[in-house]
Amino acid sequence: MLAVEELLKRYCRPVTVGLLMIHGKMVAGKALAACAAVQADSETRRLVIEAAYLHDIGVCKVDAPAIDCHGVEPYIRHGFLGRELLEAEGLPLHALICERHTGVGLTLGDISKQKLPLPHREMVPETLAERIICYADLFYSKNPERLEKEKSVEKIRKGLSAFGPEKVAIFDTWQREFNAG
């Protein structure tokens, strides 16, 4: 298995590495439950575990002092920036997960309509591993005071509703697909 903590240490400050390791552990737990619900194969499970820890690596380049990130980029770019870092590390599958994990994914229409400072292309999860990380990440914050507190389905739905009913519908589809209970 990939040495995710060493990779995070290469790019992030120690406080951020600690936060990302805890956040990654929480996302990995939720993601593995989703893998079990769909009977994902061992290769997908391995990728999902690694990506749970690495999907936010791009925060090291953003301005987010609350998580000890003192870069110059806006937070919305952390997925795209993480893709660049992980591609440079020779991890193309992990890189795509990074780019596509924001919300329930960002369409070209979202990027244009909201005038987001992102490349003009689709950034929506396509593969099973991408969908699982995107789904599992919605349940956990990187806020140091709430790292291990799982958000309720209703809180997630309410947050996504600000971006339109289609975003809630995507989450609801994933909730049915990945929730074995």
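Here we summarise the structure given alongside this text. (Residues numbered from 1 in each chain as written. Predicted model: local features only at pLDDT ≥ 70, side-chain atom pairs only at ≥ 80, totals over all residues. Heavy atoms only, no water.)

Secondary structure summary: the protein contains nine helices and two strands in total. Starting at the N terminus and ending at the C terminus, the protein contains elements arranged as α-α-α-β-β-α-α-α-α-α-α. For the protein, whose C-alpha radius of gyration is 15 Å, the value lies close to the compact-globule estimate of 16 Å for 181 residues. Along the three orthogonal principal directions, the C-alpha set of the protein runs to about 40 × 35 × 35 Å. Considering only residue pairs separated by 6 or more positions, the protein has 63% of its internal contacts joining residues 24 or more positions apart. Carbon together with sulfur atoms contributes 55% to the accessible area of the protein, which is approximately 8,800 Å² in total. (Helix = DSSP H or I, 4+ residues; strand = E, 2+ residues; numbered from the N terminus. Rg over C-alpha atoms; globule rule 2.2 N^0.38 Å. Contact = heavy atoms within 4.5 Å. Areas by Shrake-Rupley, 256 points an atom, 1.4 Å probe, with all protein chains shown as cover.)

Contact geometry of helix α1 (residues 4-11) with helix α2 (residues 14-37) gives a least axis separation of 9 Å together with a crossing angle of 145°. As α1 packs across α2, the resulting crossing turns out to be right-handed. For the pair α1 and α2, contact is made by Glu5, Leu8 and Lys9 and by Val17, Leu20 and Met21, respectively. Of the residues that constitute the contact of α1 with α2, the class distribution is four nonpolar, no polar and two charged. (Axes fitted to C-alpha atoms, helices over the stretch in contact; angles between N-to-C directions. Left-handed = near helix turned anticlockwise from the far one by under 90°. Nonpolar A, V, L, I, M, F, W, Y, C, P; charged D, E, K, R; others polar.)

The next thing to look at is the pattern of salt bridges. Oppositely charged side chains can form a pair if their charged atoms are brought close together. Scanning the entire structure with this criterion turns up 18 salt bridges. For Glu89, the salt bridge is made with Arg10, and the minimal N-O distance between the two is 2.6 Å. Residue Glu89 is located in the loop between α4 (78-88) and α5 (92-100), and its partner Arg10 is located in helix α1; the two are separated by 79 residues in the primary sequence. Look at Glu89 and you get partly exposed, because its relative accessible area is 27%. Among the salt bridges present, the one from Arg157 reaches Asp172, with a minimum N-O distance of 2.8 Å. With Arg157 in helix α8 (residues 153-161) and Asp172 in helix α9 (residues 165-178), this pair connects stretches of sequence that are 15 residues apart. Accessibility expressed as a relative area gives 25% for Arg157, which makes it partly exposed. (Salt bridge = Lys/Arg side-chain N within 4 Å of Asp/Glu carboxyl O. Buried < 20%, exposed > 50% of the residue type's maximum accessible area, 1.4 Å probe, protein only.)

Attention shifts here to the packing of helix α3 (residues 42-54) against helix α7 (residues 128-137). Between α3 and α7, the shortest axis-to-axis distance is 10 Å and the interhelical angle comes to 40°. Overall, the two elements α3 and α7 adopt an arrangement that is oblique. Between α3 and α7 lies a crossing whose hand is right-handed. From α3, Thr44, Leu47, Val48, Ala51 and Ala52 reach across to α7, where they touch Leu128, Ala129, Ile132 and Ile133. (Parallel < 35°, antiparallel > 145°, perpendicular 65-115°, else oblique.)

The next point concerns the nonpolar core. With 57 residues, the main nonpolar core has Ile57, Leu86, Ile133 and Phe171 as its most contacted residues. Tallying contributions element by element places α2 first for this core, with nine residues. Setting aside residues no more than four positions away along its own chain, Ile57 makes contact with Leu7, Leu8, Tyr11, Cys12, Leu20, Gly82, Leu85, Leu86 and Cys98. (Core = buried A, V, L, I, M, F, W, Y, C linked by side-chain atoms within 4.5 Å.)

Within the chain, Gln39 stands out as a residue other than glycine whose phi angle is a positive 55°. With respect to the helices and strands, the residue Gln39 is situated in the loop between α2 and α3. In the Ramachandran plot, Asp68 falls in the positive-phi region, its phi being about 60° despite a non-glycine side chain. The topology assignment puts Asp68 in the loop between β1 (63-64) and β2 (69-70). In this structure Asp68 comes out as buried when scored by relative accessible area, which is 16%.

Looking now at α3. Each turn of an α-helix holds 3.6 residues, which means side chains three or four residues apart point in the same direction. The terminal C-alpha atoms of α3, which comprises 13 residues, lie 18 Å apart, in line with the 18 Å expected from a rise of 1.5 Å per residue. Listed in full, the buried residues belonging to α3 are Thr44, Leu47, Val48, Glu50, Ala51, Ala52, Tyr53 and Leu54. Looking at the buried side of α3, the elements it contacts are α1, α2, α4, α5 and α7. Sitting at the amino-terminal end of α3 is Asp41, which places a side-chain oxygen 3.2 Å from the backbone nitrogen of Glu43. (Expected span 1.5 Å × (residues − 1). Polar contact = N/O pair within 3.5 Å; in protein donor to acceptor, adjacent residues only side chain to side chain.)

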